[in-house]
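A look at the structure
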Amino acid sequence: LLSLSVKEGDRVTAGQVLGQIDKRLEESQVAQFRGAVASAVAQTVQVEASIAQDERDLERRRQMVRENLSTTAELEKAETQLKLDQSRRTAQKQLVAQNQGQLETALYNLSRATLKAPIDGTILELNHKVGERIRGSDFSEDVVLLMGGLSDMEVKAEVGEHEVVGIHEG
């Protein structure tokens, strides 16, 4: 926990920054997945260029076969190459989508490193201090602080008969 800008009893508003968790790992993952997306997109462009070349080669082979200047085997080879590159294009598009999904997950994890108040309320309890390690995961939570909306609260309390005279609204 790098910073904590509230203490117990503080009133906070929705969206207010409450603290900051170290986000270096998440930032490096975002950079890694941005690079992976860019690389996959660039490879897709390369495959598209190969397909365009394959289509031109295939048309030339067809013309050569019509003029008896080439064999049908060479024509079939050009058709196969086009089909292979079209399959590579499909695979590349899926890789782009996969890397984009991983990037979105990394961006979400990065956003969670900044602790923000989800509602207007009051800080009820602090469970960690600045400098302590936060060990949350998908399977277990490490609660940094508790907050609640105290504006609509009903309290039941036992009050002795001597103190009841001192209780009044507010």
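For the structure, check the block above.
My aim in this report is to walk through the structure given alongside it, one point at a time.

Rules of the game
Residues numbered from 1 in each chain as written. Predicted model: local features only at pLDDT ≥ 70, side-chain atom pairs only at ≥ 80, totals over all residues. Heavy atoms only, no water. Salt bridge = Lys/Arg side-chain N within 4 Å of Asp/Glu carboxyl O. Buried < 20%, exposed > 50% of the residue type's maximum accessible area, 1.4 Å probe, protein only. Helix = DSSP H or I, 4+ residues; strand = E, 2+ residues; numbered from the N terminus. Pairing = 2+ DSSP bridges.

1. Notes on the pattern of salt bridges
Between side chains of opposite charge, a pair can form when the charged atoms approach closely. Tallied over the full model, the rule gives nine salt bridges. Two residues, Arg24 and Asp22, come together in a salt bridge whose shortest N-O distance is 2.6 Å. Residue classification places Arg24 among the exposed residues on the basis of a relative accessible area of 61%. For the salt bridge of Arg89 with Glu48, the shortest nitrogen-to-oxygen distance reads 3.4 Å. One end of the pair, Arg89, is in helix α2 (residues 72-111); the other, Glu48, is in helix α1 (residues 24-66), and 41 residues separate them in sequence. Residue Arg89 is classed as partly exposed on the basis of its relative accessible area of 22%. The exposure class assigned to Glu48 is partly exposed, which follows from its relative accessible area of 31%. Because the salt bridges share partners, they merge into one network encompassing Glu59, Arg62, Arg66 and Glu79.

2. Considerations on the sheet that holds strand β6 (residues 145-148)
Two pairing modes exist for strands in a sheet, parallel and antiparallel, and in both the strands are linked by backbone hydrogen bonds. Read across the open sheet, the three strands follow the order β2-β5-β6; overall the sheet is antiparallel. This sheet does not close on itself; its edge strands, each paired only once, are β2 (11-12) and β6.

3. With respect to the pairing of strand β5 (residues 121-126)
Direction of pairing for β2 relative to β5: antiparallel, over a ladder of two bridges. Bridge pairing in β5 links Arg11 to Thr122.

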